[in-house]
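# Examining the three-dimensional arrangement
Here's the letter readout for the chains.
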Amino acid sequence: MKEYPEEIKDFYDSIENLKSLSIWNIHRELKPTKQIRGEWEDKVIVERKCLTYNLNKGELKSNIQVTDVKGHITKNGLKESEIEYLKNRLGETGNSGLKARYAHLLWQETKHNNYAGIAVDNYIQNITKIKADEIREIPKMLSAILFISKNTKQRQEQAKETATALVNEFPNWFKIDILNSILEHNILSKGELNQIAEELPNWVEKDNSAQYFLNKNKLETGLRLYNSLGLPLNRLYELLAQNEDLIIERHPEDENFVKYMSIGAKAKYFRLSGKTQEAEECFKEYNRLKQTVKLGKVSTQLGDEEAEMFNAYLNMKSGIILEMSTDSILAFFSINEDILVDPNKNEEYAKESIKKSIWELFSTSVFDINSNFTNLKDSEKIDKEKIRNYTISHGIQCYSLFYKTFIEGILCGKLNYYKIFEYLENHTWYGMKFKRGMTDNEIDQNSTWLCMLAPGIHNFIAQFELSVLMNTLKINNFILAMDSLTVKFEGALRDFIRLSGGNTSTSKRGEIKEQLLEELLDNPTTKKYFTKKDIELFKYTFTQKGINFRNNIAHCFTQFSDYNLQAVSLVFLCLLRLGKYTFKNNKS
């Protein structure tokens, strides 16, 4: 294997000379290969396959994860021949980055601890020679070192020495990333952690306003560390309170809502630190600012008494729901009518709201998702108010309960992707096989709507579940889930109408075409099987009579912030309610 064909010699040379550890830079440095066939083609494929793995919380994970035709998650591991190839390459290469990656993969596949030791040794070696512009790779490699060492008991002393050296050597702004890696897969003793905890308050830069968010991140991570060690939290909460001064000093105007929020946060932190007098002074200032602060947008929130009552209601309602089985919990959100907004009442309230507001006296302009503005007619003002009222009402009646129930359901183990999948397979028409058209092939005859929905549902539930279990502050990326599930809704509704004996064709300008989503929602079969509340929910979610997800996603009008948990939960709720019927030949 040491003599490479000319067609791939440059490729192997570029691998051996890799100096980058960032997956992005690695692929920039790799040389392309000329076309080659036979065993060497397979070897090049293995190399490229290995380089698609990313370090994630200590593990090497493939960028690719898919669901099969039944909706089950498939595991793309290494073949026996690929494992043998990597064993040979591990002995040949002199590149410590490759050695670490090969050994790590071999350990994951074979569970042989000798590979674990090799991986740890080479990850440690990589850390000592990492390039300055790739310093962000160090916490990832440290996580790998600690993860492997913790699970195999290999090189634990070296791993500990590396972790403590890194947390001591790096500047304060980077120490928190090292500490997060240590806490992910901790193997340090209580004494070693106590030394870090003792030093942590000194990492805070009190006089640099640019460090506000970094300081806050350090201290919040410190709370995790102190809690695990049973140390008093007073000092950290006091520093969090003082850290708010960095924001307050930059926003001195009483009308500024940023100052108002920071004073409130400062009061809360002082109260938690035990500084009662300082907290009381902040609360007085907080109440004074309530009378002076000006907001660019209208913002409303429940008072303390009302919030307590609403939370008590949510706890009571979700508690009752969570006593049911998983299937009954999902059936509740699929069938219950009380949680949905009444369209008739919503329209009446919108008309009444317009009459009592200044909207009726002035011309009103609105901006769409692309910042194009429109002057509204009187009827359009009512439509906008209907959408606004529906959003508020849905948040109170449905989303709050959905969110509360799913969080508690995940924590108690009643809700996860596998149980949701089983419910959809056994109790909805999504698990039904049926002939879709004249041109369908064998794989289409054996597929179901569930296999089409499964990738999006898995992505949504997996991220939701992870954020709950890990209590992470990281922003989840729901782009894949929301894009997939949103565009699938129209096709699923069309097939439901067909299976129910309805018609989805129409004639336009002398040509027979399929009905569009708005027409499908007004289809006689849709109105026969779904209530007005269901149809209004569907229209609110997917059409111009609401937030118009279907159009905005299809035309890429949506921004990153639009892909949030509340939005994707709304789409998932619509699919639950669309699937609430079954057909007699469900298992055919």
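So, here is what we can say about the structure in this document. In this text the structure is predicted, and so the values were computed from the model without any measurement.

Parameters and conventions
Residues numbered from 1 in each chain as written. Predicted model: local features only at pLDDT ≥ 70, side-chain atom pairs only at ≥ 80, totals over all residues. Heavy atoms only, no water. Helix = DSSP H or I, 4+ residues; strand = E, 2+ residues; numbered from the N terminus. Buried < 20%, exposed > 50% of the residue type's maximum accessible area, 1.4 Å probe, protein only. Contact = heavy atoms within 4.5 Å. Areas by Shrake-Rupley, 256 points an atom, 1.4 Å probe, with all protein chains shown as cover. Patch = residues over 30% accessible without salt bridge, like charges linked within 9 Å, V, L, I, M, F, W, Y side chains within 5 Å. Salt bridge = Lys/Arg side-chain N within 4 Å of Asp/Glu carboxyl O. Axes fitted to C-alpha atoms, helices over the stretch in contact; angles between N-to-C directions. Parallel < 35°, antiparallel > 145°, perpendicular 65-115°, else oblique. Left-handed = near helix turned anticlockwise from the far one by under 90°. Nonpolar A, V, L, I, M, F, W, Y, C, P; charged D, E, K, R; others polar. Phe/Tyr/Trp six-rings, centres within 6.5 Å; stacked < 30°, edge-to-face > 60°. Lys NZ or Arg CZ within 6 Å of the ring centre and 35° of its normal. Pairing = 2+ DSSP bridges. Arc of directions from axis to C-beta. Lys, Arg positive; Asp, Glu negative; His and termini not counted. Charge placed at Lys NZ, Arg CZ, Asp CG, Glu CD. Core = buried A, V, L, I, M, F, W, Y, C linked by side-chain atoms within 4.5 Å.

### Some points on the overall build of the protein
On a plain count of helices and strands, the protein comes out with 28 helices and six strands. Every one of the 588 residues in the protein was classed for burial, and the buried ones make up 45%. Partitioning the intrachain contacts of the protein with sequence separation of at least 6 by distance along the chain shows that 67% fall at a separation of at least 24. A total of about 31700 Å² of accessible surface is found on the protein, and carbon and sulfur atoms cover 51% of it.

### A few points about unusual backbone geometry
Even without being a glycine, Lys 111 presents a positive backbone phi close to 65 degrees. Tracing the backbone through its elements, the reader meets Lys 111 in the loop between helix H5 (96-110) and helix H6 (113-128). For Lys 111, a relative accessible area of 53% puts it in the exposed group. The phi torsion at Arg 155 lies on the positive side, around 55 degrees, for a residue other than glycine.

### Some words on a nonpolar patch on the surface
A cluster of nonpolar side chains, namely Tyr 313, Met 316 and Ile 320, defines an oily patch on the protein surface of about 290 Å² accessible area. Considering the arrangement of structural elements, one finds Met 316 in helix H16 (residues 304-322). Its relative accessible area of 44% is what places Met 316 among the partly exposed residues.

### Structural notes on the packing of H6 against helix H7 (residues 137-152)
Remark: H6 packs on H7, axes separated minimally by 9 Å, with the N-to-C direction vectors making an angle of 155 degrees. Taken together, H6 and H7 sit at an angle that is classed as roughly antiparallel. For the pair H6 and H7, the crossing hand works out as left-handed. On the side of H6, the interface is formed by Asn 113, Ala 116, Ala 119, Val 120, Tyr 123, Ile 124, Asn 126 and Ile 127, while H7 contributes Met 141, Leu 142, Ala 144, Ile 145, Ile 148 and Thr 152. By residue class, the composition of the contact of H6 with H7 is 11 nonpolar, three polar and no charged.

### Observations concerning the packing of aromatic side chains
According to the stated counting rule, one finds 35 aromatic pairs in the structure shown. With centroids separated by 6.2 Å and ring planes inclined at 80 degrees, the aromatic side chains of Phe 406 and Phe 572 adopt a geometry described as edge-to-face. Taken together, the residues Phe 406 in helix H19 (residues 378-411) and Phe 572 in helix H28 (residues 565-578) connect sequence positions 166 residues apart. Judged by relative accessible area, which is 1%, Phe 572 ranks as buried. Summarising the aromatic geometry, the rings of Tyr 417 and Phe 421 are spaced 6.0 Å apart at their centres and angled 40 degrees between planes, so their arrangement reads as tilted. Of this pair, Tyr 417 and Phe 421 both sit in helix H20 (residues 417-427), separated by four residues, roughly a single helical turn. Here Phe 421 falls in the buried class, since its relative accessible area comes to 5%. Taken together, the aromatic side chains of Phe 332, Phe 333, Tyr 399, Phe 402, Tyr 403, Phe 406, Phe 460, Phe 464, Phe 478 and Phe 572 make up a single cluster linked through ring pairs. The side chain of Lys 43 reaches across the aromatic face of Trp 40, ending 4.1 Å from its centre. When the ring centre of Trp 107 is taken as reference, the NZ or CZ atom of Lys 111 above it lies at 5.1 Å.

### Considerations on the pairing of strand E2 (residues 59-62)
Two strands pair when backbone bridges link them, and strand E1 (residues 53-56) and E2 are joined in this way by four bridges, in the antiparallel orientation. From the neighbouring strand, Tyr 53 faces E2, where its bridge partner is Ser 62. The turn joining E1 and E2, which pair antiparallel and follow one another in sequence, is formed by two residues; a positive phi near 55 degrees is taken by Lys 57.

### Points about the pattern of salt bridges
One pass over the structure, following the stated rule, counts 30 salt bridges. Across the salt bridge formed by Asp 254 and Arg 288, the nearest N and O atoms sit 3.0 Å from each other. On the criterion of sequence distance, the pair formed by Asp 254 in the loop between helix H13 (245-248) and helix H14 (257-273) and Arg 288 in helix H15 (residues 276-290) is long-range, its members being 34 residues apart. Within the structure, one salt-bridge network assembled from shared partners comprises Glu 490, Arg 494, Asp 495, Arg 498, Glu 514 and Arg 550.

### Focus on helix H1 (residues 6-16)
Turning to H1, its buried residues are Ile 8, Phe 11, Tyr 12, Ser 14 and Ile 15. Buried residues of H1, seen end-on, are gathered within an arc of 155 degrees and therefore sit on one face of the element. Away from the buried face of H1 by more than 90 degrees, exposed residues Glu 6 and Asp 10 are located.

### Regarding a negative patch on the surface
A cluster of like negative charges, contributed by Asp 304, Glu 305, Glu 306 and Glu 308, occupies part of the molecular surface. Relative to the elements of secondary structure, Glu 308 occurs in helix H16.

### Looking at the nonpolar core
If you look at the biggest cluster of nonpolar residues, it comprises 82 residues, and the most contacted ones within it are Leu 86, Tyr 123, Ile 182 and Leu 225. When residues of this core are assigned to their parent elements, the largest contribution, eight residues, is made by H7. Beyond its immediate chain neighbours, meaning those up to four positions away, Leu 225 contacts Leu 179, Leu 183, Leu 193, Ile 196, Ala 197 and Leu 200. Core analysis: the second largest hydrophobic core is formed by 71 residues, Ile 321, Leu 537, Ile 553 and Leu 570 among them.

### What about the pairing of strand E6 (residues 511-514)?
Here four bridges tie strand E5 (residues 505-508) to E6, and the two strands are oriented antiparallel to one another. Note that in E6 the partner of Ser 507 across the bridge is Ile 512. As consecutive antiparallel partners, E5 and E6 are separated by two residues, and within that stretch Arg 509 has a phi angle of approximately 50 degrees, a positive value.

### What about the environment of Tyr 269?
Secondary-structure assignment places Tyr 269 in helix H14. For Tyr 269, a relative accessible area of 7% corresponds to the buried category. Here the alpha-carbon distance between Tyr 269 and Ala 241, two residues 28 residues apart in the chain, equals 5.1 Å. Apart from residues no more than four positions distant in its own chain, Tyr 269 is found in contact with Lys 216, Glu 220, Tyr 237, Leu 240, Ala 241 and Glu 244.

### Examining the side chain of Glu 47
Structurally, Glu 47 is set in helix H3 (residues 39-50). With residues near it in sequence (within four places) discarded, Glu 47 still touches Phe 11, Tyr 12, Ile 15, Tyr 85, Arg 89 and Tyr 102.

### A few points about the packing of helix H4 (residues 80-92) against H5
In contact at an axis separation of 10 Å, H4 and H5 are set at 145 degrees when each is read in the N-to-C sense. For the pair H4 and H5, the crossing hand works out as left-handed. Only Leu 98, Lys 99, Tyr 102, Ala 103, Leu 105, Leu 106, Glu 109 and Thr 110 of H5 make contact with H4, whose side of the interface consists of Ile 83, Leu 86, Lys 87, Arg 89 and Leu 90. Of the residues in the contact of H4 with H5, the class split is eight nonpolar, one polar and four charged.

Geometry only, nothing functional implied.
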